[in-house]
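Coordinate analysis (summary)
The chain contents come next:
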Amino acid sequence: MTAPHRTRLTAEYDSAARARAVERSVRPEIDDIEGDRTTASLDRDGRRVELTVEATDLVALRAGINTWLTLRGVAETVAGS
């Protein structure tokens with residue numbers, strides 16, 4: 001897939017433990033949600049979690065961003081953020 005559109009969604013948490021909880025909640029979805037038009041990757045460095053969403057077109061990018069922000073929001077709620 002050629003992905004000319006990309007965005008990074010970065011969040012910094014008050015502790016590495018909370019960032020790890022969010023990362024572990026979202027990571028299993030990375031391989032399950034990818035489609036023909038979007039991909040996502042996830043990195044964590046201490047208290048920072050970064051999701052990168054890539055898409056072939058802007059409509060797919062917007063949909064991907066909405067999906068990952070929703071999943072991250074649920075993970076944050078469960079982790080007590």
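Before any of the text, the structure's been laid out above.
As the structure is a prediction and not an experimental result, all values here were calculated from the model. Numbering of residues starts from 1 in each chain and follows the order in which that chain's sequence is written. With the structure being a predicted model, the display of local features is reserved for residues of pLDDT at least 70 and the display and counting of side-chain atom pairs for 80 or more, all residues being used for whole-chain, interface and lining totals. Hydrogens and waters are ignored; side-chain quantities use all the structure's heavy atoms.

Remarks on helix H1 (residues 16-33)
Secondary structure follows DSSP: runs of H or I at least 4 residues long count as helices, runs of E at least 2 residues long count as strands, and numbering of each begins at the N terminus. Multiplying one less than the number of residues by 1.5 Å gives the expected span of a helix. Here H1 is 18 residues long and its end C-alpha atoms lie 26 Å apart, about the 26 Å a rise of 1.5 Å per residue gives. At Val 26, H1 shows its largest bend, some 25°, and a proline, Pro 28, comes one to four positions later. Buried residues are those whose accessible area, probed at 1.4 Å on protein chains only, stays under 20% of the maximum for their type, while exposed residues exceed 50% and partly exposed ones sit between those limits. The set of residues buried in H1 consists of Ala 19, Val 22, Glu 23, Val 26 and Ile 30. Contacts: residue pairs with any heavy atoms within 4.5 Å of one another. At its buried positions, H1 is contacted by strand E2 (38-45), strand E3 (48-55) and helix H2 (58-79). Here the bend at a residue means the angle between the axes of two seven-residue stretches, the one that ends at it and the one that starts at it.

Focus: the sheet that holds strand E1 (residues 5-12)
Following DSSP output, two strands are said to pair if at least two bridges run between them. Ordered by their spatial adjacency, three strands build an open sheet running E1-E3-E2, and the pairing between neighbours is antiparallel. Two strands in the sheet have a free side with no partner beyond their single neighbour: E1 and E2. Between one strand axis and the next, the sheet turns through 15° on average, direction left out of account. One ladder, built from eight bridges, connects E2 with E3; its direction is antiparallel. Opposite Leu 42, over in E3, you have Leu 51 as the bridge partner. Angular values range over 0 to 180 degrees, each being the angle between N-to-C directions of two axes fitted as lines to C-alpha atoms, with helices fitted over their stretch in contact. Packing of H1 onto the sheet brings it into contact with E2 and E3, and relative to E2 it is tilted by some 160°.

Examining the environment of Ile 65
One can find Ile 65 in helix H2. Each C-alpha atom of the pair Ile 65 and Thr 52 lies 9.1 Å from the other, and the pair is 13 residues apart in sequence. Excluding residues within four positions of it along the chain, Ile 65 makes contact with Thr 7, Leu 9 and Val 53.

As for the pairing of E3
Extensive coverage of E3 is indicated by the burial of six of its eight residues. Sheet analysis places E1 next to E3, joined by eight bridges and oriented antiparallel. Across the sheet, Glu 12 pairs through a bridge with Arg 48, a residue of E3. Between E2 and E3, which pair antiparallel and follow one another directly, the connecting turn spans two residues, one of which, Gly 46, has a positive phi of 65°.

Focus: the packing of H1 against H2
The contact between H1 and H2 brings their axes to 9 Å, and the two run at 145°. With respect to the hand of their crossing, H1 and H2 are arranged in right-handed fashion. Facing H1, whose interface residues are Arg 18, Ala 21, Val 22, Ser 25, Val 26, Glu 29, Ile 30 and Ile 33, H2 presents Thr 67, Trp 68, Leu 71, Arg 72, Ala 75, Glu 76 and Ala 79. Of the residues belonging to the contact of H1 with H2, the class tally is nine nonpolar, two polar and four charged. For any pair of crossing helices, the crossing counts as left-handed if the nearer helix is rotated counterclockwise from the farther one by less than a right angle, and right-handed if it is rotated clockwise. Amino acids outside the nonpolar list (Ala, Val, Leu, Ile, Met, Phe, Trp, Tyr, Cys, Pro) and the charged list (Asp, Glu, Lys, Arg) are all regarded as polar, and Gly is one of them.

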